[in-house]
Amino acid sequence: MRLFDTKVIKGALLLAVFAMLFSSCLMNDDLMTADAKTGGLVESVPLVQLVPKKSNTVDIELKVYLGPAIQEVKVYKQFYHIATDEASNVELLGSFSVSGQNLNDTLFLNQTFTWEQLKQGLTLDSYTLPDDPLNADIGDYFMLKYVSVMDDGREVTSNSQTEVLVANSFSGYYLSDITYIHPNLGTRQYQLIKELITESGNTCSTNFAVWGSYGETIYLTINPDNSITFNVLGFDYIVEEGDPNNPLVYSHYDPVTDIIYLNYNYMAPGGYRVFYEVLEPITKK
């Protein structure tokens, strides 16, 4: 199971039978004050994603902005267990060496961390982090925070942080190849990048068809027999499974290739709008 792969792609880390999902939760307000002496502006690069079945490492990319010299950026970790609403202690995960190089230019730094490194030294009163990430609970997460150590020894805490989320095995980034058959306008082709977001152990959500800007969302549930059931919310029409002109097609998941095949339609003035959508993982194998 791949943990952080990209998805650009918020690397991949093997988690739960359903793996992990890395999503960077960034707060971009007041990353640095107007006082040049403050400095220390760093930011975790958006959308690092953890996807199951791919690898057991997590790749973190950090953007260190041009400005007063930073010697290193410390990365602190904390774990949150949803079932008991409990947070662990805070510990140092590692650090990025900058050595003042940001005096001349903005830097992009990368570092890889393992599940063992993430969990080491973290304890909770009523829960023990599992040695095997496959046994981690979906919805639990690590929060990574960044502290810049300046040339003069000052430590500046960044508002940017990264959430490392335990996700199901279908979460991640996909290339969406859509064939849209309109009763009057003919056939159109679209290619989009979509993110499948964990909702439960076997359900993910993503933008519906070629929409999504106004909240049009499809919830996909992968059943034990690899068939797919779905529910579409925020859309003006009722969406049905399959192609009314071809009863042989159906939505399904291919466990060998991890490709998701969707067939759906809706009736609107003029006739059926029919969609054939293929979601192919774009995380590294």
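Residues numbered from 1 in each chain as written. Predicted model: local features only at pLDDT ≥ 70, side-chain atom pairs only at ≥ 80, totals over all residues. Heavy atoms only, no water.

**A look at the overall build of the protein chain**
- For the protein chain, the count of helices and strands is 1 helix and 19 strands.
- A total of 285 residues make up the protein chain; the buried ones form 51% of that total.
- With an accessible surface of roughly 13200 Å², the protein chain has 51% of that area assigned to carbon and sulfur atoms. (Helix = DSSP H or I, 4+ residues; strand = E, 2+ residues; numbered from the N terminus. Buried < 20%, exposed > 50% of the residue type's maximum accessible area, 1.4 Å probe, protein only. Areas by Shrake-Rupley, 256 points an atom, 1.4 Å probe, with all protein chains shown as cover.)

**Remarks on the packing of aromatic side chains**
- Considering all chains together, one arrives at 21 aromatic pairs under this definition.
- Geometrically, the ring pair formed by Y180 and F275 is stacked, given 4.4 Å between the ring centres and 15° between the ring planes. Linking Y180 in strand 11 (residues 172-182) with F275 in strand 19 (residues 271-281), this pair joins segments that are 95 residues apart in sequence. With respect to burial, Y180 and F275 carry one shared label: buried. (Phe/Tyr/Trp six-rings, centres within 6.5 Å; stacked < 30°, edge-to-face > 60°.)

**What about the pattern of salt bridges?**
- Counted by the stated rule, this structure contains 4 salt bridges.
- Of the charged contacts in the structure, one is a salt bridge between R154 and D152, with a shortest N-O distance of 2.8 Å.
- Residue R154 is classed as partly exposed on the basis of its relative accessible area of 26%.
- Judged by its relative accessible area of 48%, D152 falls in the partly exposed class. (Salt bridge = Lys/Arg side-chain N within 4 Å of Asp/Glu carboxyl O.)

**Topic: unusual backbone geometry**
- One non-glycine residue, A209, lies in the positive phi region at around 50°.
- With respect to the secondary-structure elements, A209 resides in the loop between strand 13 (203-207) and strand 14 (217-222).
- When its relative accessible area of 1% is taken as the criterion, A209 is described as buried.
- If you check the backbone angles, D258 has positive phi at about 65° while not being a glycine.

**A few points about the environment of L107**
- Its place among the elements puts L107 in strand 8 (residues 107-114).
- The exposure class of L107 is buried, given its relative accessible area of 15%.
- L107 has contacts with L62, K63, V64, V98, Q101 and N102, leaving out every residue within four places of it along the chain. (Contact = heavy atoms within 4.5 Å.)

**Regarding the environment of Y190**
- Along the chain, Y190 turns up in strand 12 (residues 186-198).
- Given the relative accessible area of 27%, Y190 is considered partly exposed.
- With 10 residues separating them along the chain, Y190 and Y180 place their C-alpha atoms 7.9 Å apart.
- Discounting chain neighbours no more than four positions away, the residues touching Y190 are S176, D177, I178, Y180 and V210.

**Here's the deal with the pairing of strand 5 (residues 70-81)**
- Sheet topology note: the strand 5/strand 9 (residues 141-150) ladder contains 10 bridges and is antiparallel. Within the sheet, the bridge partner assigned to V73 lies in strand 9 and is S148.
- Judged from the 6 bridges that link them, strand 5 and strand 7 (residues 91-97) form a sheet pairing that is antiparallel. Bridging from a neighbouring strand, Y76 pairs with L92 of strand 7. (Pairing = 2+ DSSP bridges.)

**Here's the deal with the nonpolar core**
- One finds V64, V73, F142, L144 and Y146 to be the most contacted residues of the largest nonpolar core, which totals 29 residues.
- Every element with two or more residues in this core is listed here: strand 4 (56-64), strand 5, strand 7, strand 8, helix 1 (115-119), strand 9 and strand 10 (155-165).
- Once residues lying within four places of it in the same chain are set aside, the contact partners of V73 are V42, L62, G94, S95, F96, V98, Y146, V147 and S148.
- In this structure, I228, F230, V232 and Y264 belong to the second largest nonpolar core, which totals 24 residues. (Core = buried A, V, L, I, M, F, W, Y, C linked by side-chain atoms within 4.5 Å.)

**Side note on the side chain of S171**
- In this fold, S171 is placed in the loop between strand 10 and strand 11.
- At a separation of 2.3 Å, a polar atom in the side chain of S171 contacts the side chain of T198. (Polar contact = N/O pair within 3.5 Å; in protein donor to acceptor, adjacent residues only side chain to side chain.)

**Focus: the environment of T229**
- With respect to the element layout, T229 can be found in strand 15 (residues 228-233).
- Placed 23 residues apart in sequence, T229 and H252 show a C-alpha to C-alpha distance of 8.7 Å.
- With sequence-adjacent residues up to four places away left out, T229 is seen in contact with Y219, L220, T221 and N223.

What is shown is where atoms sit, not what they do.
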